Amino acid sequence: MSEKNPPAAAGLDKQPEEVSGMFDQVAARYDLTNDVMTFGQHRIWRRCLRQVVAPQPGQKILDIAAGTGTSSLSFHRAGAEVTCCDFSAGMVAEGKKRHRELNFVVGDAHDLPFADEAFDTVTCSFGFRNMHDPAKALQELARVTKPGGKLAIMEFSTPPSPLIARLYELYMRNVLPTAGRLVSSDSDAYTYLFDSILDWPDQETLGHLIQENGWGEVSYRNLTLGTVAIHRAFKES
């Protein structure tokens, strides 16, 4: 009998095929693992994102790195026309099984399969740090957004307090990998995810990156002592 191939694990160079393969491996238990490892906090964070997005009936929203559609669902329930886009075919397949009412598309944020100015709002929850080229992804998101349209990115971030930042790093490096091994189907994938969080730029740096790539009026809101931040911006006309 041949041995089963080990699960894919991505490096921090974030090669697309490695990252998408990794998410294919963890798709089935991804939402459960997030629930356990954030102690349910991600539900509160997603409600905050919904407030920033402020979905309206008939509004066209693109949710990038949508995974299984966890954030997209609340936009849909508000009456918006939501497109859930993810480059992991495994995540998209899992999302289609769970939420048949949502429109899922396999696509890469660096080369989106959508027309210019197709959406009123584009958003991304906890997936932007997995982009191989965030600047290019921001430019692509601007391309498919209508003039004056909104961008909302929710991502793990850097606590402004040095003490909280240090405790957060210790937690990420020591507690969460253990939880990942107990709950996840692929602990190597979660080791990558933790490292990618600690490697991600702080709020101000991300804000400047957004402003340099087609977006204006950039602001951000810290959640849970700055461990998470939501950046909001508008497409420049």
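Residues numbered from 1 in each chain as written. Predicted model: local features only at pLDDT ≥ 70, side-chain atom pairs only at ≥ 80, totals over all residues. Heavy atoms only, no water.

Description of the overall build of the protein
Heads up, the condition is: The helix and strand labels rest on DSSP assignments: H or I over at least four residues marks a helix, E over at least two residues marks a strand, and numbering proceeds from the N terminus. Think of it in three bands: with a 1.4 Å probe and only protein chains considered, a residue is buried below 20% of the maximum accessible area for its type, exposed above 50%, and partly exposed in between. Two residues qualify as a contact provided that any one of their heavy atoms is within 4.5 Å of a heavy atom in the partner residue. Per-residue and other accessible areas were derived by the Shrake-Rupley procedure at a 1.4 Å probe size, with only the shown protein chains allowed to occlude residues.
Of regular secondary structure, the protein possesses nine helices and seven strands. The buried share among the 237 residues of the protein stands at 51%. Restricting the contact set of the protein to residue pairs at least 6 apart, pairs at least 24 apart contribute 67%. Within the structure as shown, the protein displays about 11100 Å² of accessible surface, and the carbon and sulfur contribution to it stands at 52%.

A word on the pairing of strand 6 (residues 215-223)
Put simply, the test is: A pair of strands is considered paired only if DSSP assigns at least 2 bridges between the two.
When strand 6 meets strand 7 (residues 228-235), the two strands line up antiparallel, connected through seven bridges. Counterpart to Trp 215 in the pairing with strand 7 is Lys 235. Linkage of strand 6 to strand 7, two consecutive antiparallel strands, is achieved through a turn of four residues, within which Thr 224 is found at a positive phi near 50°.

Re the UniProt feature "binding site: S-adenosyl-L-methionine" (unreviewed entry) in the protein
Using the following cut-off: UniProt positions are given in the numbering used here, feature names are shortened, and annotations may be inferred rather than shown by experiment.
The residues that UniProt annotates with the feature "binding site: S-adenosyl-L-methionine" (unreviewed entry) are Thr 68, Asp 86, Asp 108, Ala 109 and Ser 125. Relative to the elements of secondary structure, Asp 86 occurs in strand 2 (residues 81-86). In this structure Asp 86 comes out as buried when scored by relative accessible area, which is 7%. Setting aside its immediate chain neighbours within four residues, Asp 86 contacts Ala 65, Ala 66, Gly 67, Met 91, Val 92, Val 105, Val 106 and Gly 107.

Examining the sheet that holds strand 1 (residues 60-64)
So the rule is basically this: Think of each axis as a best-fit line through the C-alpha atoms, taken over the contacting stretch in the case of a helix, with angles from 0 to 180 degrees between the N-to-C directions.
The sheet built from seven strands is open, its strands ordered 3-2-1-4-5-7-6 with mixed pairing. A single partner strand is all that each edge strand has here, and the edge strands are strand 3 (103-106) and strand 6. Averaged over all neighbouring strand pairs, the angle between strand axes comes to 20°, with direction disregarded. Where strand 4 (residues 119-125) and strand 5 (residues 145-156) come together, six bridges link them in parallel fashion. Looking across to strand 5, one finds that Phe 119 is bridged to Thr 145.

Considerations on helix 6 (residues 134-143)
Burial of helix 6 is extensive: seven of the ten residues sit out of reach of the surface. Looking only at helix 6, the buried set comprises Pro 134, Ala 135, Ala 137, Leu 138, Glu 140, Leu 141 and Ala 142.

Considering a nonpolar patch on the surface
Counted only if it meets this: By definition, no residue in a patch forms a salt bridge, and every one has over 30% relative accessible area; like charges are joined within 9 Å, nonpolar side chains (Val, Leu, Ile, Met, Phe, Trp, Tyr) within 5 Å. A pairing counts as a salt bridge when a side-chain nitrogen of Lys or Arg comes within 4 Å of a carboxyl oxygen of Asp or Glu.
A contiguous nonpolar patch, built from Leu 163, Leu 167 and Leu 170 and spanning about 280 Å² of accessible area, is present on the exposed surface. In this structure, Leu 167 sits in helix 7 (residues 162-183). On the accessibility criterion, Leu 167 (46% relative accessible area) is partly exposed.

Some remarks on the confidence of the model for the protein
The criterion, for reference: The predictor's confidence in any single residue is recorded as pLDDT, a number from 0 to 100.
Taken over all residues, the pLDDT of the protein has a mean of 84, while the share at 70 or more is 76%. The weakest mean pLDDT in the protein belongs to helix 1 (residues 16-26) at 58; the strongest belongs to strand 1 at 98. Predicted confidence is poor over residues 1-12, with pLDDT under 50, and the contacts of this stretch with residues over four places away or in other chains come to 17 contacts.

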